[in-house]
Amino acid sequence: MSKSENKLFDDNSEFSKEFIKQLNDVLGAIKEDIINVKKEKNNTHIQSTSTKQTKDLANSTDESNHNKEIIKKQDISVNNIVSIEEFGAQGDWNGVVGTDDTDAFEKAIKFAESLNNGKGGTVHLNNKSYLITRSISIVGVSLRGSHSTEIVYRNIPEGEAAIRMNRKEGHAQSFIENIIFSGDGSWELGVQNCSFNGIEIIGKARPSFSNVFIRYFNRGMIWKNDVGHIRLQNCRISENFIGVYCEKNSGDYTVYTCDINQNNFANFATHADSGIEGLSMRDSHCGFAPFGFYCFPTPSSSHKNMFLWDVKLDRVRFEQIGNAAIYSDYSQLATPVVSSLIIMQPGFSWDIDKANRFTMNNFSRDYAIDIARLEGAYLEIKDDTYPFTKGEKNVIRIRYQSASSRVIWTGRKSNDSLVTVDSGHKNVIGSLSKERLTREDRPNEYFEKEILTEGAGTLYRFSRIDFNSTKEILTINSNDEIHIKQNMFLSNKAFHPAILTNAPYGRVGSLYSENINGVACLRVFLDGDWRRICYSNSCPNNGNWTKGDRVFSSNDFTVKEGKEGKYIIEGWVRITTGNKNILNDDWIEKRIYIGI
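The model shown is predicted, which means the values in this text are computed figures rather than measured ones.

Visitor: What is the right way to look at the state of the cysteines in this model?
Guide: By definition, a disulfide links the sulfur atoms of two cysteines through a covalent bond. Across all of its chains, the model carries one disulfide by this definition. The side chain of Cys521 participates in a disulfide bridge whose partner is Cys534; the two sulfur atoms lie 2.5 Å from each other. Around the S-S axis, the bridge from Cys521 to Cys534 shows a dihedral of about 110° and counts as right-handed. A residue pair is termed long-range when its members are at least 10 positions apart, and Cys521 in strand β35 (residues 519–526) and Cys534 in strand β36 (residues 529–536) qualify at 13 residues. When sorted by exposure, Cys521 lands in the same class as Cys534, which is buried.

Visitor: Hey, could you run me through the pattern of salt bridges in this one?
Guide: Between side chains of opposite charge, pairing is possible as soon as their charged atoms come close. As enumerated under the stated definition, the model contains 24 salt bridges in all. The partner of Lys393 in a salt bridge is Asp366, with the nearest N and O atoms 3.8 Å apart. Of this pair, Lys393 sits in the loop between β24 (378–382) and β25 (396–401) while Asp366 sits in the loop between β22 (337–344) and β23 (369–374), placing them 27 residues apart in sequence. Judged by its relative accessible area of 15%, Asp366 falls in the buried class. With a closest N to O distance of 3.1 Å, Asp370 and Arg399 form a salt bridge. In this pair, Asp370 is assigned in strand β23 and Arg399 in strand β25, connecting sequence segments 29 residues apart. The pair formed by Asp370 and Arg399 is uniform in burial state, with each residue classed as buried. Three or more residues are tied together by salt bridges with common partners; here these are Asp370, Arg397, Arg399 and Asp422.

Visitor: Teacher, can you tell me more about empty space enclosed by the protein here?
Guide: Under the definition given, this model contains one cavity of 30 Å³ or more. Of the voids in this model, the largest cavity is the one considered here, and its volume is about 40 Å³. If you go around the largest cavity, the residues you meet are Phe291, Asn323, Ala324, Tyr327, Ser364, Arg365, Asp366, Tyr367 and Asp370. Top element by residues in the lining of the largest cavity is strand β21 (residues 321–328). It accounts for three residues. Split into classes, the residues belonging to the lining of the largest cavity amount to four nonpolar, two polar and three charged.

Visitor: What exactly am I supposed to notice about the environment of Glu481 here?
Guide: Checked against the element boundaries, Glu481 lands in the loop between β32 (469–476) and β33 (482–484). Glu481 gets classed as partly exposed once you look at its relative accessible area, which sits at 41%. Residues contacting Glu481, with those up to four places away along its chain left out, are Thr475 and Ile476. In terms of polar contacts, Glu481 uses its side chain to reach the side chain of Asn477, at 2.9 Å.

Visitor: Whenever I open this one, a nonpolar patch on the surface confuses me. Can you help?
Guide: Side chains of Leu511, Leu522 and Ile533 sit close together on the surface and give an oily, nonpolar patch of about 200 Å² of accessible area. Note that Leu522 resides in strand β35. Residue Leu522 is classed as partly exposed on the basis of its relative accessible area, which comes to 31%.

Visitor: Please clarify how the pairing of strand β13 (residues 242–246) should be interpreted in this entry.
Guide: Every other side chain in a regular strand lies on the same face of the sheet, so the side chains alternate between the two faces. Along β13, five of the five residues are buried, which leaves the element largely enclosed by surrounding structure. Of the strand pairs in this sheet, β13 and strand β16 (residues 266–271) are connected by four bridges, and their pairing is parallel. Paired with Tyr245 across the bridge in β16 is Ala269.

Visitor: Where do I start with the packing of aromatic side chains in this structure?
Guide: Within a pair of aromatic rings, the relevant descriptors are the distance that separates the centres and the angle that separates the planes. For the structure on display, the rule yields 29 aromatic pairs. Seen in terms of ring centroids, Phe288 and Phe358 are 5.9 Å apart; in terms of plane orientation they differ by 90°. Their pairing is edge-to-face. Here Phe358 lies in the loop between β22 and β23 and Phe288 lies in the loop between β18 (279–285) and β19 (289–296), a separation of 70 residues in the sequence. Taking the relative accessible area as the measure of exposure, Phe358 reaches 1% and is therefore buried. Taken together, the ring pairs connect Trp223, Tyr253, Phe268, Phe293, Phe318, Phe348, Trp350 and Phe388 into an aromatic cluster. The cationic tip of Arg219 hangs over the ring face of Tyr245; the distance from NZ or CZ to the ring centre is 3.8 Å. The cationic tip of Arg365 hangs over the ring face of Trp350; the distance from NZ or CZ to the ring centre is 4.8 Å.

Analysis parameters
- Along each chain, the written sequence defines residue order, and numbers are assigned to residues from 1.
- Only residues with pLDDT of 70 or above have their local features reported here, since the model is predicted, and side-chain atom pairs are shown and tallied only from 80 upward, although totals for entire chains, interfaces and linings are computed over all residues.
- To obtain the side-chain values, all non-hydrogen atoms of the structure were used and water was disregarded.
- Here, the term disulfide refers to a pair of cysteine sulfur atoms separated by no more than 2.5 Å.
- A run of H or I in DSSP becomes a helix once it reaches four residues, and a run of E becomes a strand once it reaches two; helices and strands are each numbered from the N terminus.
- Classification of residues uses two cut-offs on accessible area relative to the type maximum, computed with a 1.4 Å probe and protein chains only: under 20% is buried, over 50% is exposed, and between them is partly exposed.
- Salt-bridge detection follows one rule: a side-chain nitrogen of Lys or Arg within 4 Å of a carboxyl oxygen of Asp or Glu.
- Here a cavity is any set of points on a 1 Å grid over the protein atoms alone where a 1.4 Å probe fits but cannot get out, and a pocket is any open set with protein on both sides within 12 Å along at least 5 of 7 lines; a residue lines the site when it has an atom within 4 Å of a point.
- Grid points are joined across faces, edges and corners, and a volume is the space filled by probe spheres set on the points.
- As a working rule, the residues Ala, Val, Leu, Ile, Met, Phe, Trp, Tyr, Cys and Pro are called nonpolar, Asp, Glu, Lys and Arg charged, and the rest polar, with Gly in that last group.
- We call two residues contacting when some pair of their heavy atoms lies within 4.5 Å.
- In the analysis that follows, any N or O atom pair within 3.5 Å is treated as a polar contact, provided that within protein one partner can donate a hydrogen and the other can accept it, and provided that, for residues neighboring in sequence, both atoms belong to side chains.
- Patch definition: residues above 30% relative accessible area lacking any salt bridge, with like charges linked at up to 9 Å and the nonpolar side chains Val, Leu, Ile, Met, Phe, Trp and Tyr linked at up to 5 Å.
- Here, Shrake-Rupley sampling with a 1.4 Å probe gives the accessible areas, and only protein chains in the shown set may cover a residue.
- Think of it this way: DSSP has to see at least two bridges between two strands before they count as a pair.
- For Phe, Tyr and Trp, rings pair up if their centres lie within 6.5 Å, where Trp contributes its six-membered ring, and each pair is then called stacked (planes under 30 degrees apart), edge-to-face (over 60) or tilted (otherwise).
- Note on geometry: a ring has a charge over it if NZ (lysine) or CZ (arginine) is within 6 Å of the ring centre and within 35 degrees of the ring normal.

Listed below in C-alpha cells is the structure:
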C-alpha cells in the first residue's frame, strides 16, 4: 500500500489533523504532570505501561479523555509507587459527608499488586481524608501517607476488619506509614462502641508500621498471622475498645517508641488459647486505661494455656492504670501461664491517685499485677523511681507459683511481703527477701538463700529446709566473716591454686587438698609457704615434697624400743625440698617417747 493510499498518513486528512491535535494535548499533559511531580518532590520518573493495562483501567469512552487518562496512569515511579488520586479518589471527607473512595482504593491496590514484577508496590495517599465503606484486602501492597493523611471507615460489617493484610509467596513484605485510621467509635470507659476492627494481619504477612495512628475501632489492631515478626515504631493506638489484640500467637513482635495508650478497656489483650510470646516493647506508653495487658478467660482447648511468654517491657510506662497493669481473668477456670517476663522501670501510677478517669467499678483494683500461674522461669521486675504500688490488697498476686519459678524484684520498694502467692511454692528474690532452690518432685525439701539485717549491715544465710526443719549451713556477717555451721569436706584439688605462691592464692590460711602418689594431703599456706599435712601407713618413697611437710602415720601404734627408751612412730617430717625420698636423708621419723 502506498503512502497516498493510506489516509492515516495523509497530512491533509481530517483524521491526521485530529490525531496531531490530540497528540499535542497529550504532550501538554505530560509537561504539566512533570512540573507537578517536581513541585511535590516525589523524585518520580515517567515509565510507560502496556496498552492492555491502560485499557483495563480506563473508564472513559471519549477518545481524547481516554488518551489523557492513559498518560496519568503512566505516572508510576521507578520505586513502584502509584498515587491514589490517579484512580479517582477525592479525599473530601469533612467529618460529616464526603465522596465514597472505596472503588478508587480497590483499583489502586489491585494495580499496585502487579508492580515490581508482580511482587507488589506502594500506594501513595495525599494530605486528605478519604471515606471507605467496605473492608479492603491488601496482599503484598504498602500504603504511604503524607503525615496528615486520614482514612475514615463507615458501614463496615460487624466483626470485619477495615483492612486485612496478607502476603503471597514471592511478594515483598509490606508497610504502612504516615496514615491515621479512624473507625466510627469514640472514647468511653469500658464501652465497646464500634462493631468492626481496624487492621487485621493474617497469613504470611509480616508488616511494619511507622507513624500510624489507629483509633475508634473495636480492636485497633489484630495479630493473627502465621509468621509473627510484626513491627511497630512511633505509632499510636488509642481510643479503641482494645488497642492490640493477639488472636493467634506466632511470636517475635517489636513495639518501639509507641503509645498503645488510653483504650476503653485494655491496651493489649489476648486469650488463653493464644497468649503473647516473644514481645519486645521499649520506650513506650501502656497506661491511661483500665488494663495494660489483659488475658480473657477463654478455657484453653489446645492446652496452650498461655498469657505472656518471653516478654520484655523496657521502660514501658504504666501511667494512670485503672484496675491492673497486668491481669489474667480466671472466671472460667482458665489458668494461663506467665513465664520469662521482664519489666524494667514501669513508670507506674494508679489512676485513682490522679484523674480517676480510667477505673472500672465492676472490676477489682486489688493488685497492680494479678496473674493466674507463674511457671518454668521467672517474673523479673526492676523498678526504682516509679515502682508498682499496692492496690486494695497488695502489689502482686500469683494464684499458683511452681517450685521451679522465681519472682526477682529489685528496687527500693521491693519486698517479698508485697507478693501474695495463693498456692504452690512462694519464691521471691528482692532487697529484703529469700530465694528458694527447689525441685518439683521434692516439694518439702529445699535450700534457702536469705539476706537479713544485722545492725548497720546485712547477714547472708544459706540454709537447708527439710519438712519445716531449718538447718543453717553457713552465714556471712557484716564483717565479711564466713561461719560454717555444718561439717565441711574438701574434695581432691578443691581450692587448688594455679600458681601456688602467687596472690591471691598464697594468703595465710589458704588451703586445698591433693593426692601425691596415693598419699592424701591437706595443704595450708603458713609462714610464707605452703605446708602439707598428710596421712600414710609408711614413709613416702616418691613424689615432690617441700621442707617442713608432715606425714602422720595411719597405722595402729606399735610400741618400739630404742637407745632412748620406748616410743611410738607418730609419722615423718620432711627435712629437704625435692623429689628424693630417703629415710634419714630426706625424711626423719617423728617419735613420741613413752618411757624407758
